[in-house]
Amino acid sequence: MGKQKAPRRLADNEARAVARTLRISPQKLNLVAALIRGKKVDRALAELEFSRKRIAGTVRKTLESAIANAENNHGLDVDALVVSEAYVGKSIVMKRFAARGRGRASRIEKPFAHLTIVVRETEEAGEAA
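My aim in this report is to walk through the structure given alongside it, one point at a time. (Residues numbered from 1 in each chain as written. Predicted model: local features only at pLDDT ≥ 70, side-chain atom pairs only at ≥ 80, totals over all residues. Heavy atoms only, no water.)

## Notes on the pairing of strand E3 (residues 105–121)
Note the threshold: We call two strands paired when DSSP finds no fewer than two bridges between them. Strands are runs of DSSP state E lasting at least 2 residues, helices are runs of H or I lasting at least 4, and numbering of each runs from the N terminus.
When strand E1 (residues 14–22) meets E3, the two strands line up antiparallel, connected through seven bridges. Bridged to Glu 14 within E3 is Arg 120. Relative to E3, strand E2 (residues 81–99) runs antiparallel, the two sharing 16 bridges. Residue pairing in the sheet places Arg 96 in a bridge with Ile 108 of E3. Counting the residues between successive antiparallel strands, the hairpin from E2 to E3 contains five residues, one of them, Arg 102, with a positive phi of roughly 60 degrees.

Here it is, written out as structure tokens:
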């Protein structure tokens, strides 16, 4: 009998992937997420491939996961995919203490972030290809 399956939150032409607890501040991660927002997936992958940011490799893996989800789970056309959303959320913040001069200590915060990438299949991109 169990409970019913939850309704799908995304549209039928969308797929997403989530990377949780990434060891980077949300502000820095958002700079990389802004690079790919609204771009076609092949262009976004190329941008991430040549980005000099440390986290770009993890963002690229998450984007590839979203593309694979779209293709395998939802049957979408990979050539017609666009990064419709790429947003960043705050996660935990580890608090640490570091020694300072004159016997004092200061707090160091080590933030973590979540990354969600949503890809959408567009009709006009499919016709142009």
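## Focus on the nonpolar core
So the rule is basically this: Put simply, a nonpolar core is a bunch of buried Ala, Val, Leu, Ile, Met, Phe, Trp, Tyr and Cys residues held in one set by side-chain atoms that sit within 4.5 Å of each other. The classification of residues rests on relative accessible area computed with a 1.4 Å probe and restricted to protein chains. Under 20% of the type maximum is buried, over 50% is exposed, and intermediate values are partly exposed. Contacts are residue-level and defined by heavy atoms, with any inter-residue pair within 4.5 Å sufficient.
Counting 28 residues, the largest nonpolar core has Val 59, Leu 63, Val 83, Ile 117 and Val 119 as its most contacted members. Only E1, helix H1 (26–36), helix H2 (41–49), helix H3 (56–72), E2 and E3 provide two or more residues apiece to this core. Looking at this core, the element that brings in the most residues is H3, giving six residues. Excluding anything up to four places from it in sequence, Ile 117 contacts Ala 15, Arg 16, Ala 17, Ile 36, Val 59, Thr 62, Leu 63, Ala 66, Val 83, Glu 85 and Ala 86.

## What about H2?
Where we set the bar: Picture the helix axis, draw a direction to every C-beta atom, and the arc is the one those directions span.
Those residues of H2 not exposed but buried are Val 41, Ala 44, Leu 45 and Leu 48. Take H2 and look down its axis: the buried residues cluster within an arc of 100 degrees, on one side only. Turned more than 90 degrees away from the buried face of H2 sit Asp 42 and Arg 43, all of them exposed. For H2, the elements touching its buried residues are H1, H3, E2 and E3.

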